[in-house]
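Survey of secondary and tertiary structure
Chain by chain, the residues:
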Amino acid sequence: MNKDKPLISFDYAIKYLLKDKGDYSIVEGFISALLKTKGYKDVKIIALLETESNAEDSKTKRSLADVVVEDQDHNKYIIEIERSVKDSFIHKSCFNTSRLIVDNLSQGEDYTDIVKVFHISLLYFPIGNGPGAIYHGKTIIHEVETHEKLSVHIKNKKTNEIFDATDILPEYFFISVPLFNDRLEKEIDDWLYVLKYDGVPATFHSPYMKQVAEKLDILKMSKAERATYSSYLKVLYNDRDELQYAEAKGEARGEAKGEAKKAREIALEMLKDNEMDEKIIKYSKLTLIELEELKAELEKIKS
């Protein structure tokens, strides 16, 4: 593509991807790949929260996505994804996570249905001293003198599942995009590459990368190109629908011809046996007119 075309980076594209309510698969793929680094299972988005990302003053909080997801065991989590600035990303993540919980409860939601909140910060500056790009944190409660970990078990009244206190409190992922080392060894590395380069690696592990490439190509188009592309898709879909209609019509005609042939064959056999007209019509499904026409054809052949 030309350099003068607008470039929408993948993080900001998340908002656009969530507008496609028929298919959240790309965002689900990114969240699932990240959660799996800490042993969680694949998730599906089941709701978009009407919190800041859709309703509040953008100066207060600028998240890219606030969603409710459900994993394969039917555990529900709130996921927040945001792009943070250098000086305030820790404070902002704490504030936003608290706001998410309060907002959710204020709308009358049963908080016991939600196992926990995950906050994901996309950072475009280096953090920490480690060699990796992803940092993870969770609250662990210790006894002051012995440092023994607090073991508090909470039961979900609806599912009877037991959760430890540390499984209820929020967890945080901080992704320092510039620190990605460009090594593509795991599924999450594909997503880090996309975040860093706004493109898809030549070789990848994630099954979503082809979809990501297609979406990014569309989002990088100019308005004129996108309009042309939309027109092309409209023509393509119309042609496809007409073709499918013609094929279905052809199949229907073929079936009708086959049934008519079978009916004539049945009627011919019954005529040879000198069956009554009423019986022939009943079993062959021919009309009286069709039966008379068939008899006339047979008379011509004999003569």
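Residues numbered from 1 in each chain as written. Predicted model: local features only at pLDDT ≥ 70, side-chain atom pairs only at ≥ 80, totals over all residues. Heavy atoms only, no water.

Comments concerning the overall build of the protein chain
A tally of regular secondary structure across the protein chain gives 8 helices and 8 strands. Counting every position in the protein chain, which comprises 303 residues, the buried fraction comes to 35%. Of all intrachain contacts in the protein chain linking residues separated by at least 6 positions in sequence, the fraction that spans at least 24 positions is 58%. Put simply, the protein chain shows about 18900 Å² of open surface, and 54% of that area lies on carbon and sulfur atoms. (Helix = DSSP H or I, 4+ residues; strand = E, 2+ residues; numbered from the N terminus. Buried < 20%, exposed > 50% of the residue type's maximum accessible area, 1.4 Å probe, protein only. Contact = heavy atoms within 4.5 Å. Areas by Shrake-Rupley, 256 points an atom, 1.4 Å probe, with all protein chains shown as cover.)

Observations regarding the packing of helix α2 (residues 25-36) against helix α4 (residues 187-197)
Put simply, α2 and α4 touch, their axes get as near as 9 Å, and they point 125° apart. With respect to their mutual orientation, α2 and α4 come out oblique. α2 and α4 meet at a crossing whose hand is left-handed. Of the residues in α4, those in contact with Ile26, Gly29, Phe30, Ala33, Leu34 and Lys36 of α2 are Glu187, Ile188, Trp191 and Leu195. Each residue belonging to the contact of α2 with α4 can be placed in one class, and the counts come to 7 nonpolar, 1 polar and 2 charged. (Axes fitted to C-alpha atoms, helices over the stretch in contact; angles between N-to-C directions. Parallel < 35°, antiparallel > 145°, perpendicular 65-115°, else oblique. Left-handed = near helix turned anticlockwise from the far one by under 90°. Nonpolar A, V, L, I, M, F, W, Y, C, P; charged D, E, K, R; others polar.)

As for the nonpolar core
Membership of the largest hydrophobic core comes to 38 residues, with the highest contact counts inside it found for Phe10, Ile31, Ile79, Ile81 and Trp191. For this core, the element with the most residues is α2, which contributes 7 residues. With residues near it in sequence (within four places) discarded, Ile79 still touches Ile31, Leu35, Ala65, Asp66, Val67, Val69, Phe118 and Ile120. (Core = buried A, V, L, I, M, F, W, Y, C linked by side-chain atoms within 4.5 Å.)

Focus: the pairing of strand β3 (residues 76-84)
Counting buried positions along β3 gives 7 out of 9 residues, so the element sits mostly inside the fold. Between the end of strand β2 (residues 63-71) and the start of β3, which pair antiparallel, lie 4 residues, with His74 showing a positive phi angle near 70°. (Pairing = 2+ DSSP bridges.)

Focus: unusual backbone geometry
Phi is mostly negative for residues that are not glycine, and the peptide bonds are mostly trans. You will see that Asp182, though not glycine, has its phi angle at about 70°, which is positive. Counting through the fold element by element, Asp182 comes out in the loop between β8 (171-176) and α4. The partly exposed category is assigned to Asp182, whose relative accessible area is 36%. Positive phi outside glycine occurs at Lys285, with the angle close to 70°. As for its position among the elements, Lys285 is in the loop between α7 (277-284) and α8 (288-302). On the basis of relative accessibility, which here comes to 68%, the residue Lys285 falls in the exposed class.

Examining the environment of Gln72
Mapped onto the fold, Gln72 is located in the loop between β2 and β3. Sequence separation of Gln72 and Lys44 is 28 residues, and the distance between their C-alpha atoms is 8.5 Å. Apart from residues no more than four positions distant in its own chain, Gln72 is found in contact with Lys41 and Asp42.

Here's the deal with the packing of aromatic side chains
Inspection of the entire model under this criterion finds 10 aromatic pairs. On the basis of an interplanar angle of 50° and a centroid distance of 4.8 Å, the ring pair of Tyr193 and Tyr197 is categorised as tilted. Of this pair, Tyr193 and Tyr197 both sit in helix α4, separated by 4 residues, roughly a single helical turn. By relative accessible area, which is 39% here, Tyr197 ends up partly exposed. Within the aromatic cluster, the residues linked to one another by ring pairs are Phe10, Phe30, Trp191 and Tyr208. When the ring centre of Tyr124 is taken as origin, the NZ or CZ atom of Arg83, which lies over that ring, is 4.1 Å away. (Phe/Tyr/Trp six-rings, centres within 6.5 Å; stacked < 30°, edge-to-face > 60°. Lys NZ or Arg CZ within 6 Å of the ring centre and 35° of its normal.)

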